[in-house]
Amino acid sequence: MTELAGLKRTHHCGALGPEQAGQPVVVMGWVQRRRDHGGLIFIDLRDRSGLIQVVFSPDFGGEAFSLAGEVRGEYVLAIEGDLRIRPEGTENPNLPTGEVEVVARSLYILNQARTPPFYIEDDLNVDENLRLRYRYLDLRRPEMQQAMIMRHRAAKSVRDFLDARGFLEIETPMLTRSTPEGARDYLVPSRLNPGMFYALPQSPQLFKQILMVAGLERYFQIVRCFRDEDLRADRQPEFTQVDMEMSFVDVDDVLSLTEEMIARLCQDTIGLAVPRPFSRLTYREAMDRFGTDKPDTRFGMELKDISDLAAGCGFKVFTSAVAGGGQVKGINAAGCGSFSRKEIDELTAYAAVYRAKGLAYFIVAEEGVKSPVAKFFTPEELAAVQERLAARPGDLLLFVADEPQVVADALGALRLHLAERLQLAADTGFNFLWVVDFPLLEYDREEGRYAAMHHPFTAPRAEDLPLLESRPGEVRARAYDLVLNGVEIGGGSIRIHRREVQEKMFAAIGLKPEEAGEKFGFMLEAFEYGAPPHGGIAFGFDRLLMLLARKKTIRDVMAFPKTQSAADLMCRAPGPVDPKQLRELHVKLTAAR
RNA sequence: GGAGCUGUAGUGUAGUGGCCUAACAUGCCUGCCUGUCACGCAGGAGAUCGCGGGUUCGACUCCCGUCAGCUCCGCCA
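Residues numbered from 1 in each chain as written. Chains lettered and ligands numbered in written order. Predicted model: local features only at pLDDT ≥ 70, side-chain atom pairs only at ≥ 80, totals over all residues. Heavy atoms only, no water.

Some words on the overall build of chain A
Along its length, chain A carries 17 helices and 22 strands. Overall size of chain A, expressed as C-alpha extent along the three principal axes, is 90 × 75 × 55 Å. Burial status across chain A gives 48% buried among its 593 residues. Pairs at least 24 apart in sequence give 68% of the contacts found in chain A among residues at least 6 apart. As displayed, chain A offers around 29,900 Å² of accessible surface, 50% of which is attributable to carbon and sulfur atoms. For chain A, the centre of its 74 positive side-chain charges and the centre of its 86 negative side-chain charges are spaced 3 Å apart. (Helix = DSSP H or I, 4+ residues; strand = E, 2+ residues; numbered from the N terminus. Buried < 20%, exposed > 50% of the residue type's maximum accessible area, 1.4 Å probe, protein only. Contact = heavy atoms within 4.5 Å. Areas by Shrake-Rupley, 256 points an atom, 1.4 Å probe, with all protein chains shown as cover. Lys, Arg positive; Asp, Glu negative; His and termini not counted. Charge placed at Lys NZ, Arg CZ, Asp CG, Glu CD.)

Digging into the environment of Gly14
Positionally, Gly14 belongs in the segment before strand 1 (24-36). Here the alpha-carbon distance between Gly14 and Pro96, two residues 82 residues apart in the chain, equals 7.4 Å. When sequence neighbours within four positions are dropped, the list of residues in contact with Gly14 reads Asp47, Ser49, Gly50, Leu51 and Thr97.

Focus: a nonpolar patch on the surface
There is a patch of nonpolar side chains on the surface, built from Tyr136, Phe560 and Met570 and spanning about 300 Å² of accessible area. Mapped onto the elements, Met570 comes out in the loop between helix 16 (541-548) and helix 17 (579-585). For Met570, a relative accessible area of 31% gives the class partly exposed. (Patch = residues over 30% accessible without salt bridge, like charges linked within 9 Å, V, L, I, M, F, W, Y side chains within 5 Å. Salt bridge = Lys/Arg side-chain N within 4 Å of Asp/Glu carboxyl O.)

Some points on the nonpolar core
Ranked by internal contacts, the top residues of the largest apolar core, which has 82 residues, are Leu162, Met244, Phe432 and Tyr480. Of all the elements, helix 6 (residues 251-270) adds the most residues to this core, at 9 residues. Leu303, Val407, Ala410 and Leu418 belong to the second largest nonpolar core, which has 25 residues in total. (Core = buried A, V, L, I, M, F, W, Y, C linked by side-chain atoms within 4.5 Å.)

Things to note about unusual backbone geometry
A cis amide bond links Arg276 to the next residue, Pro277, at an omega of -5°. Its place among the elements puts Pro277 in the loop between helix 6 and strand 11 (279-282). With an omega of -5°, the peptide bond running from Ala573 to Pro574 counts as cis. One can find Pro574 in the loop between helix 16 and helix 17. Residues other than glycine seldom take positive phi values, yet Asp123 does so here, at roughly 55°. Position of Asp123 among the secondary structure elements: in the loop between strand 5 (100-111) and helix 2 (128-133). Judged by relative accessible area, Asp123 falls into the exposed class, the value being 72%. Positive phi is not limited to glycine here, since Asn485 has a value of about 50°.

Overview of the pattern of salt bridges
If the charged atoms of two oppositely charged side chains come close together, the side chains can form a pair. Throughout the structure, instances matching the rule amount to 46 salt bridges. A salt bridge links Arg34 to Asp36, with the shortest nitrogen-to-oxygen separation between them at 3.3 Å. Judged by relative accessible area, which is 27%, Arg34 ranks as partly exposed. The exposure class assigned to Asp36 is partly exposed, which follows from its relative accessible area of 43%.

Considering the environment of Arg48
In this structure, Arg48 sits in the loop between strand 2 (41-47) and strand 3 (50-56). The sequence separation of Arg48 and Arg140 amounts to 92 residues, and the corresponding C-alpha distance is 8.0 Å.

Side note on helix 16
Of all 8 residues that make up helix 16, 8 are buried, and the element is covered over most of its length. Among all positions in helix 16, only Phe541, Asp542, Arg543, Leu544, Leu545, Met546, Leu547 and Leu548 are buried. Considering only its buried residues, helix 16 is in contact with helix 4 (142-164), strand 10 (238-247), helix 6, strand 20 (479-484), strand 21 (487-494) and strand 22 (534-540). Where helix 16 ends, the next residue or the one after it, Arg550, has phi of about 55°, a positive value.

Comments concerning the protein's contact with RNA strand B
The environment of RNA strand B is made up of 46 residues, and the closest members are Asp36, Arg84, Thr90, Glu101 and Tyr119. The share of sugar and phosphate among atoms of RNA strand B within 4 Å of the protein is 52%. One nitrogen or oxygen atom from the side chain of Gln53 is found 2.7 Å from a base oxygen belonging to RNA strand B. Measuring from a base nitrogen of RNA strand B, one finds a side-chain N or O atom of Asp230 at 2.6 Å. Elements with a contribution of two residues or more to the surface near RNA strand B: strand 1 and helix 2. (Near = heavy atom within 4 Å. Polar contact = N/O pair within 3.5 Å; in protein donor to acceptor, adjacent residues only side chain to side chain.)

Here we look at the domain arrangement of chain A
Domain annotation for chain A reports domain 1 (13-111), domain 2 (145-277 + 433-553) and domain 3 (299-424). Its C-alpha centre places domain 1 at a distance of 63 Å from the equivalent point of domain 3. (Domains from an automatic or database assignment.)

Overview of the sheet that holds strand 13 (residues 327-333)
Here 5 strands make up an open sheet; going across it, the order is 12-13-16-14-15 and the pairing antiparallel. Strand pairing shows two members of the sheet lacking a second neighbour, strand 12 (304-305) and strand 15 (368-370), which therefore form its edges. Here 2 bridges tie strand 12 to strand 13, and the two strands are oriented antiparallel to one another. Residue pairing for strand 13: Asp305 is matched across the bridge by Lys329. Its contacts with the sheet place helix 11 (residues 379-388) against strand 12, strand 14 (360-365), strand 15 and strand 16 (396-402), and it is angled at close to 90° to strand 14. (Pairing = 2+ DSSP bridges. Axes fitted to C-alpha atoms, helices over the stretch in contact; angles between N-to-C directions.)

So, in structure tokens, the structure goes:
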């Protein structure tokens with residue numbers, strides 16, 4: 001084992017090529033692979049930049065050659081030698097540095113390594129448990145390093161862009177106050193204030209608005225946010241937002257600036273030219289046509305309403321759904337008429353997850369519609385339904401009859417499921433879409449009240465303001481989401497900046513004035529001191545990177561993600577704490593573990 | 001809170017009631033090899049079949065529970 005002893009790295013492995021041939025080089029890195037031919041040893045040395053082949057031969061450095069025999073995978077080496085063009089016929093076209101090799105004069109073993117539990121290579125097929133437990137090895141893999149590099153470039157791109165546009169990066173507190181609405185908070189007990197708790201921020205929402213009141217005019221932050229909710233492939237308990245806020249702007253100002261920023265980011269990370277402006281869809285249209293507020297518009301298979309045709313047919317499931325205020329909608333799974341009974345049963349089971357009580361289907365054949373329920377329809381009704389869904393022989397039509405939310409959820413999910421299965425959206429690029437005109441409020445059945453759909457600081461559209469007390473469900477918000485390939489990657493709004501409007505909003509969501517004063521008094525007070533009109537947006541940085549890197553989960557673009565049970569398998573968080581710590585925090589556990 | 005999938009040498013898999021004294025590949029160890037690049041050749045070591053219980057003459061295999069990971073619903077923008 002050797003210390004560096006003044007040895008300086010001259011080149012990175014992946015940066016070596018014919019241009020450096022003939023030069024003395026010092027390279028340092030990890031052993032990717034050793035090929036020992038007895039009288040000749042090859043070592044592929046890896047650093048962040050790539051691989052270079054090093055040759056050891058008794059002819060060039062006897063000591064180095066014999067030491068190379070002790071080397072094993074992932075040993076950390078420094079190699080002093082000369083770069084040369086490889087002998088004719090021994091070039092490796094599969095390696096970027098395959099035209100050259102380092103002829104080793106001296107070898108320094110800087111550190112040994114245990115045999116790693118999995119190979120340090122891309123496309124590995126290994127239990128994610130292991131990857132997370134040995135994250136430092138997982139992160140050595142080129143594709144993970146690429147992801148980290150891309151992440152850095154994306155952050156730099158955003159900083160450069162926003163800096164040039166006059167935005168200030170301002171930090172906001174991590175120890176803040178728990179507020180009602182939104183996700184469950186992560187809580188931190190206060191030692192100095194017994195019985196009191198901080199909350200980790202779900203987002204810096206209130207602070208960034210206060211910064212606008214403070215006259216900073218343009219703020220941004222690449223900031224960690226925390227939400228104590230259950231995890232998904234695209235949801236982690238702590239995640240990163242690109243958070244922005246601007247004064248004196250309207251919806252279109254935010255959208256166009258955002259488009260420019262995103263286009264620049266795509267260019268700077270994956271060299272993708274994104275056409276602008278992005279297309280837009282209203283919330284209503286998105287729900288009607290795709291059954292979701294974050295539609296994947298890379299393919300069709302849109303939902304078609306056949307409630308009018310179904311209302312008078314002989315199929316009781318359809319008629320009673322319509323009569324009960326529900327609807328009947330269908331999608332055309334084009335070319336799926338050959339699906340077996342079993343396959344259709346699987347689709348039915350899939351729809352059932354989304355609370356659909358059943359899935360009616362028509363198989364469209366040359367000779368007519370084949371369906372267990374075809375007998376309940378007149379030939380004219382069958383024809384009308386087929387026309388509505390643009391059905392052609394060989395197609396499979398799928399219908400759900402229920403309340404609108406269930407119809408949308410089930411068919412929307414079925415549409416994505418079929419697209420996945422039929423590869424309808426595979427590699428068809430990046431489809432950015434704005435969804436605008438969200439409802440301000442949605443009814444929460446569990447709570448028996450309206451709740452803010454975005455958050456309680458979202459401004460209603462001026463013309464809808466009079467409806468806030470009479471028909472709150474119909475008020476549209478000055479809110480917008482950015483959707484990429486069916487994934488919500490950002491959302492924001494123009495905010496309320498007048499105290500009386502904010503108070504009306506609180507009233508609409510059933511927040512009592514005393515409680516509003518208690519939780520948000522500082523905000524209401526701030527609004528009395530000259531709050532400018534303002535608005536902004538926040539992006540799920542991890543999600544955006546996941547999509548650009550074509551990964552299936554945000555864990556693959558985060559250095560140290562957590563498992564579905566919110567555990568860090570490497571450092572083994574969360575963990576127990578010393579009773580003394582709990583006493584200092586005035587925290588008493590109710591259940592012994 | 002709920003549903004589904006997965007769990008067998010270091011790793012990836014095979015094995016669906018006795019064929020298992022658990023197989024294959026790779027990795028690991030030893031030896032040989034001067035142009036390999038997933039080097040090759042020969043030999044070797046390595047598994048209480050996630051854990052606990054049950055059924056059975058007999059369980060890696062069937063049943064129940066449990067733990068861990070993943071995907072999803074609910075939850076969450």
